[in-house]
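Residue-level structure breakdown
Residue strings, one per chain:
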Amino acid sequence: MEAKVHECGQMTEKEQYSLLEQSIKDFEYREDNLIQILHMAQAIFGYLPAEVQKFIAEKMDISLSHVSGVVTFYSFFSTQPKGKYKIQICLGTACYVRGGKKIVDALKDELGIDIAETTPDRKFSLEVMRCIGACGLAPAISINDQVYKRVNPKKIHEILSQYE
Amino acid sequence: MVNIKINGKDIQARDDMTILEAARENNIQIPTLCHLEGIHEMGACRMCVVEVAGAKALQASCIAPVREGMEVCTHSKRVRERRKVLYELILSDHPKDCLNCGRNLSCELQALGDIIQADEARFKGELSSDTVDLSSESIVRDSAKCILCRRCVTMCNEVQQVKILNAQERGFATLIGPGNDLLMGTSTCVNCGQCTTVCPTNALHEKDAIETVWDALADPNKKVVVQTAPAVRVAIGEEFGYPAGTIVTGKMAQALHDLGFDYVFDTNFAADLTIMEEGYELLSRLVGFMVGAGKVTEKQAEELGFKGKLRQPVLPMITSCSPGWIKYIEHYYNGQLGHLSSCKSPHMMLGALVKSYFAEKEKIDPKDMFVVSVMPCTAKKYEITREEMVNGGYPNVDAVLTTRELAVMCKQAGIDLKKLEDGKFDNPLGLSSGAADIFGATGGVMEAALRTVYELLTGREIPFDNLHVEPIKGLEKIKSAAITLEGVKDEWKFLEGVEVKVAVTSGLAGASTLLDQIKKGESPYHFIEVMACPGGCITGGGQPRSDDADVRAKRMNAIYAEDEGKTLRKSHENKDLQQLYKDFLGEPLGHVSHELLHTEYVQRNRY
């Protein structure tokens, strides 16, 4: 399963839905497996738009409002597509006291989006994390897997400009 | 039985009772907010907390079972203070504009304040989202008024199984709704309005038609016609202080005259008409089936009057009076639409007749007519906007008021129903049989149809005491009966000995069970009655909200009493209806009927 998910970027939409249907089948169409199924769906599609939620509801014979209720309850699930580059700002205690909030504001200004949103060109998306384990380097952000240490608002533009 | 003490009083309670039930049985009232007997019992709001001796925490009495030797206090200082904090917390996220709220003086949250006596507001802060969803023709969702008690969620998901109302998001952002970007009007909501009857506040309520109706009444160029459904007359009295189950037919008719309606007609007339059309439709399906099976020749069918009228023999046939039910089957069982009777619901039939037959008779241009239906129903508000419900370019019905809205209009006009003398419906669309009255309770349409069809086939009355088909009376979810046709008239001889099987359900969960049977090809029935609301129209989504646990039974008994009080008890014996067929319609299922009284359905998606 891992390998398949890893290849998701190259999958056609048809392949994505057929993989999702297989997952639902593997989880025996059971409502108490809904959260696991949603995890699989998010791994396959990158996010959980209404069409994917509808597909899941229909295959499992449950209501769309219930699926949507679960999706919107857990912050791990996203109904917005993620950007090519996922920016995570640490707001754990150390980063917070060393000005993490200012980094959030600077990134929001620079990108023109709010937390949990993605830029219209789908290049960047913005998320907040609680501690990424880099407290000695606070305040820290990570973009995809690259961690930036002792960030200050003035550095933001320069950091983002490295991403094409 | 267990022995417990509540507020120092020795009480014997059944083992399976909750503290709340034991208290109420002994006339000790504990305030509740989210609790709905038999429907929503989950201890969510904790307003019903009580102190149990020896227990560390306060207990939610609505879910805490009684135990032998338990000592309970329902009003200790600790209990009163806890309730006050809970109440203040709810109020901290609730707009306190009670005076301009539609539920002022009928709000359960407000009524609770009278008991709690919260004289301060210690918790101040931001209010959560104030989205007002006006997308539906029937139901308005005002999230600012929502206290997240989740009664509507239980009603929508478990009782009705429509499943469009669920909690979305979490914490402070929590919102009850269909989710994604769907609204009440764009979701698969069937407009049954049961959510509006259980909502303790004004978060869910019917879309107001009161001003529209006042405007029509004030328009000197309009002839405003009103009609009332069978279930309104056994419930509207409650809004004026009468106990549940009081019949106020005459007073209601008088109130409508006093409000200034030009003609006061009775939907019951059209209920009798429905029986004629639907009864013949059932026969045409049965005969069509027999022709297909080679048991009846085409010639025989023609001789019985079914020339060119034989329907696809899709059985069981299912009633179509309940527009919530219609939208439900269109979304959820759209492969089974052929089972629906093609009859419009009675008030749509009456509207169509008002703007044709009656308009011609009185020489009124139908464009100057405005038809108002007073209904126990919120789904009828949606129904009148369906594009099929138009004849000659005019909508059959122009506005629908719920029973609750009519009560408001009476109060606005200074009419106290209690003080009125009995008035009468106008003719020619005002006379009705007892069979029409019982349309208002679950099982009524079926019984009315059987009274007529059985007699038509055999020349004798149905073989049941007092014309009541006992097995399909009552409030159970699914009821059924089998009647063997014996001694049928010569022309119907091919039906001799046939056992006609019927089923009746109210509430959409039961409908779903019967539809699943049909889908699997396992339905043993010929004819099924479905009403969207549990109990039928008597407890429809537009009826007065009641705190009487026996309200269904009381209104049902009133409906049957209204029927039994009449000498005219069978639809086909309605003289004005016979005249209507003679002068205008010709015959049941005829060309004019087909144009005015029958309709088609739409395949909709569930997702």
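Residues numbered from 1 in each chain as written. Chains lettered and ligands numbered in written order. Predicted model: local features only at pLDDT ≥ 70, side-chain atom pairs only at ≥ 80, totals over all residues. Heavy atoms only, no water.

1. A short note on the sheet that holds strand E11 (residues 223-228) of chain B
All names here are of chain B. Reading across the sheet, the four strands line up as E12-E11-E14-E17 and stay open at both edges, with parallel pairing between neighbours. Two strands bound the open sheet, and with one partner strand each, they are strand E12 (263-266) and strand E17 (399-402). Strand-to-strand twist across the sheet, computed as the mean angle between neighbouring axes with direction ignored, equals 25°. Summarising the sheet, E11 and strand E14 (residues 369-375) pair through six bridges and their orientation is parallel. Counterpart to valine 224 in the pairing with E14 is phenylalanine 370. Lying over the sheet, helix H13 (residues 403-412) contacts E14 and E17, oriented at roughly 85° with respect to E17. (Pairing = 2+ DSSP bridges. Helix = DSSP H or I, 4+ residues; strand = E, 2+ residues; numbered from the N terminus. Axes fitted to C-alpha atoms, helices over the stretch in contact; angles between N-to-C directions. Contact = heavy atoms within 4.5 Å.)

2. Description of the pairing of strand E2 (residues 9-13) of chain B
Residue and element names in this part refer to chain B. Direction of pairing for strand E1 (residues 2-6) relative to E2: antiparallel, over a ladder of five bridges. From the neighbouring strand, lysine 5 faces E2, where its bridge partner is aspartate 10. What sits between E1 and E2 in their antiparallel hairpin is a turn of two residues, with asparagine 7 showing a positive phi close to 50°.

3. Thoughts on the sheet that holds strand E10 (residues 204-206) of chain B
Residue and element names in this part refer to chain B. In spatial order, the strands read E6-E7-E10; together these three strands make up an open sheet with antiparallel pairing. Both outer strands of the open sheet, strand E6 (132-133) and E10, are each paired with one neighbouring strand and no more. Here strand E7 (residues 139-142) runs beside E10; their pairing, made up of three bridges, is antiparallel. Paired with arginine 141 across the two strands is leucine 204, which belongs to E10.

4. Regarding the domain arrangement of chain A
Its domain assignment divides chain A into domain 1 (2-73) and domain 2 (85-161). Taking only C-alpha atoms, the centre of domain 1 of chain A and the centre of domain 2 of chain A are 29 Å apart. (Domains from an automatic or database assignment.)

5. Remarks on the packing of aromatic side chains
One pass over the full model with this rule turns up 17 aromatic pairs over all chains. On the basis of an interplanar angle of 20° and a centroid distance of 6.0 Å, the ring pair of tyrosine 263 of chain B and phenylalanine 265 of chain B is categorised as stacked. Just as tyrosine 263 of chain B is buried, phenylalanine 265 of chain B falls in that class too. One aromatic cluster is present, formed by Phe73, Tyr74, Phe76 and Phe77 of chain A through successive ring pairs. Its guanidinium or amino end placed over the ring of phenylalanine 73 of chain A, arginine 170 of chain B lies 4.1 Å from that ring's centre, counting from NZ or CZ. (Phe/Tyr/Trp six-rings, centres within 6.5 Å; stacked < 30°, edge-to-face > 60°. Buried < 20%, exposed > 50% of the residue type's maximum accessible area, 1.4 Å probe, protein only. Lys NZ or Arg CZ within 6 Å of the ring centre and 35° of its normal.)

6. Things to note about the domain arrangement of chain B
Residues and elements named next belong to chain B. Under the domain assignment used here, chain B contains domain 1 (2-92), domain 2 (128-206), domain 3 (222-268 + 346-419) and domain 4 (274-344 + 432-597). Domain 2 and domain 4 are separated by 33 Å when their C-alpha centres are compared. Contacts between domain 2 and domain 4 engage 19 residues on the former and 18 residues on the latter. Summed over both partners, the interface of domain 2 with domain 4 buries about 1,300 Å², with 47% contributed by carbon and sulfur atoms. In terms of surface lost to domain 4, no three residues of domain 2 exceed Gln160, Val190 and Gln194, which account for 36% of the buried area on that side. Where domain 2 packs against domain 4, one counts eight residue pairs in polar contact (both at pLDDT 80 or more). The set of elements that each furnish at least two residues to the side of domain 2 that touches domain 4 consists of helix H4 (151-159), helix H5 (194-198) and E10. (Buried area = accessible area lost by both parts, 1.4 Å probe. Polar contact = N/O pair within 3.5 Å; in protein donor to acceptor, adjacent residues only side chain to side chain.)

7. Thoughts on the interface of chain B and chain A
Each partner contributes to the interface: chain B provides 16 residues, whereas chain A provides 17 residues. There are one salt bridge connecting chain B and chain A. Note that aspartate 61 of chain A is salt-bridged to arginine 606 of chain B, the shortest N-O span being 2.7 Å. Scanning the region where chain B abuts chain A turns up 13 residue pairs in polar contact (both at pLDDT 80 or more). With three residues, the single largest contributor to the side of chain B that touches chain A is strand E8 (residues 166-168) of chain B. When its residues are assigned to classes, the side of chain B that touches chain A shows six nonpolar, six polar and four charged. (Salt bridge = Lys/Arg side-chain N within 4 Å of Asp/Glu carboxyl O. Nonpolar A, V, L, I, M, F, W, Y, C, P; charged D, E, K, R; others polar.)

8. Focus on the confidence of the model for chain B
Considering every residue of chain B, the mean pLDDT works out to 95; 100% of them sit at 70 or more. Interface confidence in the predicted complex, given as ipTM, is 0.90; pTM for the same model is 0.91. (pLDDT = per-residue confidence, 0-100.)

9. Observations regarding a nonpolar patch on the surface
Where nonpolar side chains cluster on the molecular surface, the patch consists of Ile35, Phe73 and Tyr74 of chain A and spans about 230 Å² of accessible area. Along the polypeptide, isoleucine 35 of chain A turns up in helix H3 (residues 34-45). (Patch = residues over 30% accessible without salt bridge, like charges linked within 9 Å, V, L, I, M, F, W, Y side chains within 5 Å. Areas by Shrake-Rupley, 256 points an atom, 1.4 Å probe, with all protein chains shown as cover.)

10. Here's the deal with a positive patch on the surface
Where like charges cluster on the molecular surface, the positive patch consists of Arg98, Lys149, Arg150 and Lys155 of chain A. Considering the arrangement of structural elements, one finds lysine 149 of chain A in the loop between strand E4 (146-148) and helix H8 (156-161). (Lys, Arg positive; Asp, Glu negative; His and termini not counted. Charge placed at Lys NZ, Arg CZ, Asp CG, Glu CD.)

11. Observations regarding the pattern of salt bridges
All names here are of chain B. Counted according to the given criterion, the structure contains 43 salt bridges over all chains. Here glutamate 108 ties to arginine 151 by a salt bridge, and the two come within 2.8 Å at their closest N and O atoms. Of this pair, glutamate 108 sits in helix H3 (residues 108-116) while arginine 151 sits in helix H4, and the two are 43 residues apart along the sequence. Residues participating in the shared-partner salt-bridge network are Lys84, Glu88, Asp119, Glu120 and Arg122.

12. Focus: the packing of helix H2 (residues 13-26) of chain A against H3 of chain A
All names here are of chain A. Relative orientation of the contacting elements H2 and H3 amounts to 165°, with a least axis distance of 10 Å. The angle between H2 and H3 places the two elements in the roughly antiparallel class. Classified by chirality, the crossing of H3 by H2 is right-handed. Touching Gln16, Tyr17, Leu19, Leu20, Ser23 and Ile24 of H2 are Ile37, Met40, Ala41, Ile44 and Phe45, all from H3. (Parallel < 35°, antiparallel > 145°, perpendicular 65-115°, else oblique. Left-handed = near helix turned anticlockwise from the far one by under 90°.)

13. What to know about the side chain of glutamate 88 of chain B
Residues and elements named next belong to chain B. With respect to the helices and strands, the residue glutamate 88 is situated in helix H2 (residues 77-92). Judged by relative accessible area, which is 4%, glutamate 88 ranks as buried. One polar contact links glutamate 88 to arginine 122, side chain to side chain, over a distance of 2.7 Å. Not counting chain neighbours up to four residues away, the residues in contact with glutamate 88 comprise Ala118, Glu120, Ala121, Arg122 and Phe123.

14. Concerning the environment of serine 78 of chain A
Residue and element names in this part refer to chain A. Within the fold, serine 78 resides in the loop between helix H5 (64-73) and strand E1 (85-90). Along the chain, serine 78 and aspartate 121 lie 43 residues apart, while their C-alpha atoms are 18 Å from each other. If we skip the residues at most four places from it in the chain, serine 78 touches Gln42, Tyr47 and Leu48. There is a polar contact of 3.5 Å between the side chain of serine 78 and the side chain of lysine 82.

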